[in-house]
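Okay, here's what each chain looks like letter by letter:
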Amino acid sequence: MEGRSAWRERLDRVLSEVRGNPARAVLAAILVLAIVLRVSTIGAQSLDHDETVTAARILGHSFGRSMHVVFNGERSPPLYYATAWIWSQPFGTGAVALRLLSAGFGIATVLAAYLAGRELVSKRAGLFGALLVAVNPYLIWYSQEARSYGMFVMWSAFGLYMFARSLRRRDRSSVFGWAAMSVLALSTHYFAVFVIAPEAVLLVALLGPSRRVLGSIAVVGAVGLALVPLARSQEGTGRTNGFTQYALTARAETAIVKYATVEGPAPQGGITSTTTGQRQLGLAAAALVLLAAGIVAVRGSPLERRGAGIAMGVAAGAFAGPFLLALAGLDLVDPRNMIGALVPGLVAIGIGFSVARPRLLGASAAAASLGVFALSLHAVAVQPPLQRHDWQAAVAALPRPRDATLYVVPADGRAPLQYYVGSSLPHFEGKAFSDGIATNRVVVMSDTPSISGPGPRFTLRKSRTAPQHWTIRVYRAPHAVEIDPSQVAGTRVMAQPSAALAFRGGTLRRNEQLVDAREVVGPHAPRSRGA
């Protein structure tokens, strides 16, 4: 009886706290929802190409070597990768382990959105903004991505909070807090500058050019300038930007559609990489944004109009900045790079939906927004074409035992295959295999069925398909055949640009030596067989 009374007393205290502070209870429920949406499906999809680069190419070394890879092969500052390296020491580089780090960033972002809306307008506005951030499919996608975007969004969201707090409280600690969050965001992703710049302008415009404001902006600017040499060095590594083949207007349209739905398997694809359903949901989301703007403009109080205008101003600046830079000659416009604009935009929309008069209209619009997001989440769960490329399924469908001496795969396939095969796969290219190779077995893996094969001396022995879109074919020759890199380069074997990867390079070199020896001894020498 005493135990039951103790539990009853605790329940009464909890209920009393809920009645005394209902916003806290609602926020707790929103955070639980955010956790469920991010964690429950965190391992449902294969790691994509970029994630396997993080897991295999960057984190699989000492800390110093990992940072060397970041400085010479990535296009982001090192903060995320340093954090991920530390995280991976006890937890490893498995898909779930690495993605849990990003999930933590995504959950913290929901809290930051609430705090920003509360400082700009009210607790009610903060709750609406937090709910939209918690359920937004694009933010959930990057809360399950082992890359720097989740951390970038989190620091930018806390920067928005400290920025809003500075406007409300006008105290030194808030301005310095904004500078600290901005420095962390810049140290995670260079595109943080497009979020920071409109906030800095508004701080000067609304608080005046005081010493603490200008000093804080100067500190952030100094950190940004210190990162410029690294950014220039990383941009000069020779990597291409596939998104530049699409017009800027098409990429703006693509961003709006994806921000309301999901990224999908082609991050650098244009609007044609999105489905008809995604585009329809994008139109519905755009209409709801306009409705939120109309509600706050017509029915909002001066405080609500001011708060929504400030948040939307930050979002608009963060979104438009990269386009202005592209018009000036440096085109880096890619929806995922501009993800920092999404949280302030959702906070502004949340403010619009939270307007007290008429409450039913705002609540209905918010419910419609949640419906759009829910449809998107359902679609990505049941439609494999909307999911990340399923490299794990493709590798699982490779022939066993995996004794292929040569893989021909899509151009971005090396990192995923190395991760899921668990073996180093050097590029079959002239500088590594100057005299070619000799092999009797070639495996071709393509995400299109248009495959021509490695040459006339090879015959197709097996063909199979893997979930999503993969076609896998095994070609054999009666004896080891000498192959030059040019025979399997570019689009010679499949319709899409490909990469040739050597499996068990030592075996390939031994085959090469045996074939060379046979040619010296004569045609009746024993022929070697590939591994």
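What you are looking at is a predicted structure, and each value in this text was computed from that prediction instead of being measured.

What the protein chain contains, in helices and strands, is 20 helices and five strands. The buried share of the protein chain, taken over its 531 residues, is 52%. Long-range contacts, defined as pairs at least 24 residues apart, comprise 76% of the intrachain contacts of the protein chain with a sequence gap of at least 6. On the protein chain, roughly 23000 Å² of surface is accessible, and the fraction owed to carbon and sulfur atoms is 62%.

Another aspect to go through is empty space enclosed by the protein. Summed over all chains, the structure comprises three cavities of 30 Å³ or more. If you add up the space inside the largest cavity, you get close to 70 Å³. Surrounding the largest cavity, Arg38, Gly106, Thr109, Val133, Leu139, Tyr142, Ser143, Tyr149, Gly150, Val153 and Ile339 form its lining. Grouping the amino acids of the lining of the largest cavity by side-chain chemistry returns six nonpolar, four polar and one charged.

As a further point, take the packing of helix 10 (residues 172-186) against helix 12 (residues 211-235). It is at 9 Å that the axes of helix 10 and helix 12 come closest, and there the two elements cross at 10°. In terms of their interaxial angle, helix 10 and helix 12 are classed as roughly parallel. In contact with Arg172, Val175, Phe176, Trp178, Ala179, Ser182, Val183 and Leu186 of helix 10, helix 12 contributes Arg212, Val213, Ser216, Ile217, Val220, Val223, Gly224 and Leu227. Of the residues that constitute the contact of helix 10 with helix 12, the class distribution is eleven nonpolar, three polar and two charged.

Turning next to the environment of leucine 398. Here leucine 398 lies in the loop between helix 18 (391-396) and strand 1 (406-410). Between the C-alpha atoms of leucine 398 and threonine 465, which are 67 residues apart in sequence, the distance is 9.7 Å. Sequence-distant contacts of leucine 398, defined by excluding residues within four places in its chain, comprise Tyr407, Val421, Val443, Met445, Arg464 and Ile472.

One pass over the full model with this rule turns up eleven aromatic pairs. Through pairs of rings, three or more aromatic residues link up here, namely Tyr138, Tyr142, Tyr149, Tyr259, Phe319 and Phe323. One residue, arginine 388, lies across the ring of tryptophan 141, its end atom 4.1 Å from the ring centre.

Calculation rules
Residues numbered from 1 in each chain as written. Predicted model: local features only at pLDDT ≥ 70, side-chain atom pairs only at ≥ 80, totals over all residues. Heavy atoms only, no water. Helix = DSSP H or I, 4+ residues; strand = E, 2+ residues; numbered from the N terminus. Buried < 20%, exposed > 50% of the residue type's maximum accessible area, 1.4 Å probe, protein only. Contact = heavy atoms within 4.5 Å. Areas by Shrake-Rupley, 256 points an atom, 1.4 Å probe, with all protein chains shown as cover. 1 Å grid on protein atoms, 1.4 Å probe; cavity = no way out; pocket = protein on both sides within 12 Å on 5 of 7 lines; lining within 4 Å. Points joined across faces, edges and corners; volume = space filled by probe spheres on them. Nonpolar A, V, L, I, M, F, W, Y, C, P; charged D, E, K, R; others polar. Axes fitted to C-alpha atoms, helices over the stretch in contact; angles between N-to-C directions. Parallel < 35°, antiparallel > 145°, perpendicular 65-115°, else oblique. Phe/Tyr/Trp six-rings, centres within 6.5 Å; stacked < 30°, edge-to-face > 60°. Lys NZ or Arg CZ within 6 Å of the ring centre and 35° of its normal.

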